[in-house]
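Commentary on secondary and tertiary structure
Spelled out from the first residue to the last, the chains are:
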Amino acid sequence: MTASASRLDIEVQSAGVLTLRGDIDAHTAGQLEAALLDVHDEDEVHLHMAEVAFLDSSGLRVVLAAHRRLAEDGRELIVDRPSDVVTRLLEITGLQDHLRIE
Amino acid sequence: MAATSRTERTFDGHYSTSGAIRAAVAAHLAEADVDRATIDDALLVLSELFDNAVRYGDDNRPVVVVGFDPSGEDPTLHISVTNRGDVARVPSRSEWLPADPLALSGRGLSIVDAIATIVTVDGDRDQTTIRAELDVS
């Protein structure tokens, strides 16, 4: 086995639309946090998560922080096309009832 | 399914090694013919326990043990993570689930508890082990 770190690729499709590919864990969550803090003004921020291969509570913390921050400004975070592992974690935590998922 | 298999490895306790550990465990479980959904659950449990150990352990060298027993009517998979440090640092079970559903942190052990059929916390002032057992379909 090669001892490689987890990897997350974030592609900004357009203003407020981010496509995520790879793993979102304690090692990569900071990348996502920085990308989300870089989104300004858009009323809706979309996270395309169909190609997220791994998500844990460290990644979830960043998603929730963005959700809360945007909501305070009357804006909204939208989780688009979550992968099976994302859907599983949202179900386990009950957050599918609190986040907008499309 | 393959014969009973067990791995035991010590990893450098840093967030950056979490991905490598998951890759190793995923390969091991796939080789043992564990189904993909169970592997995904196991990796999530492993990640939560590992991060917990790195965050609260004293030595940053958690010991990760993954075991798979396909024998018997109910095949099981277990994951345990041991770190140096007082077991009293582990919150009591009643505190595992955050009161606020949108809380930003403190959710790791509740995730483990939701996935695993059995979660045990053992240790003393010097060492902590959290072990989770998962059913294998």
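Data block above holds the structure.
Here goes a summary of the coordinates provided. Since the structure is predicted, the reported quantities are computational estimates derived from the model, not experimental observations.

1. Considering the layout of surface pockets
Of the pockets and cavities examined, the largest pocket occupies roughly 360 Å³. What lines the largest pocket is a set of 20 residues, and nearest its centre among them are A:Ser57, B:Arg55, B:Gly106, B:Arg107 and B:Gly108. Where the lining of the largest pocket is concerned, the elements lending two or more residues are helix H2 (57-72) of chain A together with helix H2 (36-56) and helix H3 (108-115) of chain B. When the residues that make up the lining of the largest pocket are grouped by side-chain class, the tally is seven nonpolar, six polar and seven charged. Empty space within the second largest pocket amounts to approximately 190 Å³. What lines the second largest pocket is a set of 13 residues, among which A:Ile92, A:Thr93, B:Leu97, B:Pro98 and B:Ser110 lie closest to the centre. Sorting the residues of the lining of the second largest pocket by element identifies helix H3 (84-93) of chain A together with H3 of chain B as the ones contributing at least two each. Residue contributions to the lining of the second largest pocket peak at four residues, all from H3(B).

2. A look at unusual backbone geometry
With a phi close to 75°, A:Asp41 is a non-glycine residue in the positive phi region. Within the secondary structure, A:Asp41 sits in the loop between helix H1 (29-37) and strand E3 (44-55). A positive phi angle is found at B:Asp33, which is not glycine, with a value near 70°. The residue B:Asp33 is located in the loop between helix H1 (18-31) and H2 in this model. Of the residues examined, B:Asp33 reaches a relative accessible area of 49% and is grouped as partly exposed.

3. Focus on the packing of H1(B) against H2(B)
Residues and elements named next belong to chain B. Close contact between H1 and H2 brings their axes to 10 Å; oriented N to C, the two are set at 145°. The hand of the H1/H2 crossing is right-handed. Together, Ser18, Ile21, Arg22, Val25, Ala26, Leu29 and Ala30 of H1 and Ile39, Ala42, Leu43, Leu46, Ser47, Phe50 and Asp51 of H2 make up the contact between the two elements. Among the residues making up the contact of H1 with H2, the classes are represented as 10 nonpolar, two polar and two charged.

4. Quick word on the interface of chain A and chain B
Contacts between chain A and chain B engage 28 residues on the former and 26 residues on the latter. A buried area of about 2,100 Å², summed over both sides, lies between chain A and chain B, and 64% of it is on carbon and sulfur atoms. Our count for the chain A to chain B interface comes out at four salt bridges. Residue B:Arg22 pairs with A:Asp25 through a salt bridge whose shortest N-O separation is 3.0 Å. The set of elements that each furnish at least two residues to the side of chain A that touches chain B consists of E3, H2 and H3 of chain A. If one sorts the elements of the side of chain A that touches chain B by residue count, H2(A) sits on top with eight residues.

5. Quick look at the nonpolar core
Grouped together as the largest cluster of nonpolar side chains are 65 residues, with contacts concentrated most on A:Leu20, A:Leu32, A:Leu36, A:Leu47, A:Met49, B:Leu29 and B:Leu49. The leading source of residues in this core is H2(B), at 10 residues. Not counting residues up to four positions away in its chain, the partners in contact with A:Leu36 are A:Leu18, A:Val45, A:Leu47, A:Val62, A:Ala66, A:Arg69 and A:Leu77.

6. Here we look at the pairing of strand E5 (residues 127-135) of chain B
All names here are of chain B. Bridge analysis of strand E3 (residues 76-84) against E5 gives nine bridges, and the strand direction is antiparallel. Across the sheet, Thr76 pairs through a bridge with Asp135, a residue of E5. Note: strand E4 (residues 118-123) against E5, six bridges, orientation antiparallel. Among the inter-strand pairings, Gly123 is bridged to a residue of E5, identified as Thr128. Between E4 and E5, which follow one another and run antiparallel, lie three residues.

Rules of the game
- Sequence order as written defines residue numbering, which begins from 1 separately in each chain.
- Lettering of chains starts at A and numbering of ligands starts at 1, both following the order in which they are written.
- Local features in this predicted model are restricted to residues of pLDDT 70 or higher, and side-chain atom pairs are both shown and tallied only at a pLDDT of 80 or more, whereas totals for entire chains, interfaces and linings draw on every residue.
- For side-chain calculations, the full set of non-hydrogen atoms in the structure is used, while hydrogens and water are omitted.
- Only protein atoms enter the 1 Å grid used here, on which a cavity is any set of points holding a 1.4 Å probe that cannot leave and a pocket is any open set flanked by protein within 12 Å on both sides along at least five of seven lines; residues with an atom within 4 Å of a point are listed as lining.
- Grid points are joined across faces, edges and corners, and a volume is the space filled by probe spheres set on the points.
- Secondary structure elements are defined from DSSP: runs of H or I of at least 4 residues count as helices, runs of E of at least 2 residues count as strands, and each element is numbered from the N terminus.
- Under this grouping Gly is polar, as are all residues other than the nonpolar Ala, Val, Leu, Ile, Met, Phe, Trp, Tyr, Cys and Pro and the charged Asp, Glu, Lys and Arg.
- Burial classification: accessible surface area is computed with a 1.4 Å probe over protein chains only, and a residue below 20% of its type maximum counts as buried, one above 50% as exposed, and the rest as partly exposed.
- Each axis is a line fitted through C-alpha atoms, and for a helix only the stretch in contact is used; angles between axes span 0 to 180 degrees, taken between their N-to-C directions.
- The crossing is said to be left-handed when, going from far helix to near helix, the turn is anticlockwise and less than a right angle, and right-handed when the turn is clockwise.
- Note on definitions: a residue-residue contact is assigned when non-hydrogen atoms from the two residues lie within 4.5 Å.
- Throughout, the accessible surface (probe 1.4 Å) given up by two parts as they are put together, summed over both, is called the buried area.
- Salt bridges, as used here, are contacts in which a Lys or Arg side-chain nitrogen is within 4 Å of a carboxyl oxygen on Asp or Glu.
- Here, nonpolar core refers to any group of buried Ala, Val, Leu, Ile, Met, Phe, Trp, Tyr and Cys residues whose side-chain atoms link them within 4.5 Å.
- Each pair of strands is called paired provided DSSP finds at least two bridges between the two strands.

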